[in-house]
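So you can see what is in the structure, the chains are spelled out below.
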Amino acid sequence: LREVNFTGANLRGVNFSGASLSGADLSGADLREVNFTGANLRNTNITGATFCNTKTPWGIDDSGC
């Protein structure tokens, strides 16, 4: 999924564990309850994305709850 464009997408609950999302655009996406455990998010644009109970490589992100 490298460089995929998910701008503004509803990705709530998607399991991206172990996925390579390098260079992807997730700006403005609904990322609530998404699992990014072990995912490669290098150079991924997450500007304006909504996080709530989101499992990220840096831990659980509840910043958008």
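Residues numbered from 1 in each chain as written. Predicted model: local features only at pLDDT ≥ 70, side-chain atom pairs only at ≥ 80, totals over all residues. Heavy atoms only, no water.

## Focus: the pattern of salt bridges
Any two side chains of opposite charge can pair if their charged atoms end up close together. Put simply, the rule reads: Salt bridge, as used here, is a side-chain nitrogen of Lys or Arg placed within 4 Å of a carboxyl oxygen of Asp or Glu. Each helix is a run of H or I in the DSSP string that is no shorter than four residues. Each strand is a run of E no shorter than two, and both are numbered from the N terminus. Throughout, exposure labels follow a simple rule: accessible area from a 1.4 Å probe, protein chains only, divided by the maximum for the residue type, with under 20% read as buried, over 50% as exposed, and the rest as partly exposed.
Scanning all chains against the criterion turns up 2 salt bridges. We note a salt bridge from glutamate 33 to arginine 12, for which the minimum N-O separation is 3.6 Å. Note that glutamate 33 is positioned in the segment before strand 1 (54–56) and arginine 12 in the segment before strand 1, a separation of 21 residues in sequence. In this structure arginine 12 comes out as partly exposed when scored by relative accessible area, which is 42%.

## Thoughts on empty space enclosed by the protein
Here is the rule: Both cavities and pockets are sets of points on a 1 Å grid over the protein atoms alone; in a cavity a 1.4 Å probe fits but cannot get out, in a pocket the set is open with protein on both sides within 12 Å along at least five of seven lines, and lining residues sit with an atom within 4 Å of a point. Grid points are joined across faces, edges and corners, and a volume is the space filled by probe spheres set on the points.
Under the defined criterion, the tally for this structure stands at 1 cavity of 30 Å³ or more. When its volume is computed, the largest cavity comes out at roughly 30 Å³.

## Concerning the state of the cysteines
By definition, a disulfide links two cysteine residues through a covalent bond between their sulfur atoms. As a reminder, the rule being used: Two cysteine sulfurs form what is called a disulfide whenever their separation falls within 2.5 Å.
Evaluated as defined, the whole model comprises 1 disulfide. Here cysteine 52 is linked by a disulfide to cysteine 65, with a sulfur-sulfur distance of 1.9 Å. When the S-S torsion is 105 degrees, as for the bridge of cysteine 52 with cysteine 65, the disulfide is right-handed. Placement of the pair is cysteine 52 in the segment before strand 1 and cysteine 65 in the segment after strand 2 (59–61), with a sequence separation of 13 residues. Cysteine 65 sits in the exposed class, given a relative accessible area of 62%.

## So, the packing of aromatic side chains
Heads up, the rule is: When two rings of Phe, Tyr or Trp (its six-membered ring) have centres within 6.5 Å they constitute a pair, described as stacked for plane angles under 30 degrees, edge-to-face for angles over 60, and tilted for the intermediate range.
This structure, assessed with the given rule, holds 2 aromatic pairs. With a centroid separation of 6.1 Å and 45 degrees between ring planes, the pair formed by phenylalanine 6 and phenylalanine 16 is classed as tilted. With phenylalanine 6 in the segment before strand 1 and phenylalanine 16 in the segment before strand 1, this residue pair connects regions lying 10 residues apart in the sequence. Residue classification places phenylalanine 6 among the partly exposed residues on the basis of a relative accessible area of 21%. Since its relative accessible area comes to 6%, phenylalanine 16 is described here as buried. Measuring from centroid to centroid gives 5.6 Å for phenylalanine 16 and phenylalanine 36, while their planes differ by 10 degrees, and the two rings are stacked. Residue phenylalanine 16 is found in the segment before strand 1, and its partner phenylalanine 36 is found in the segment before strand 1; the two are separated by 20 residues along the sequence.

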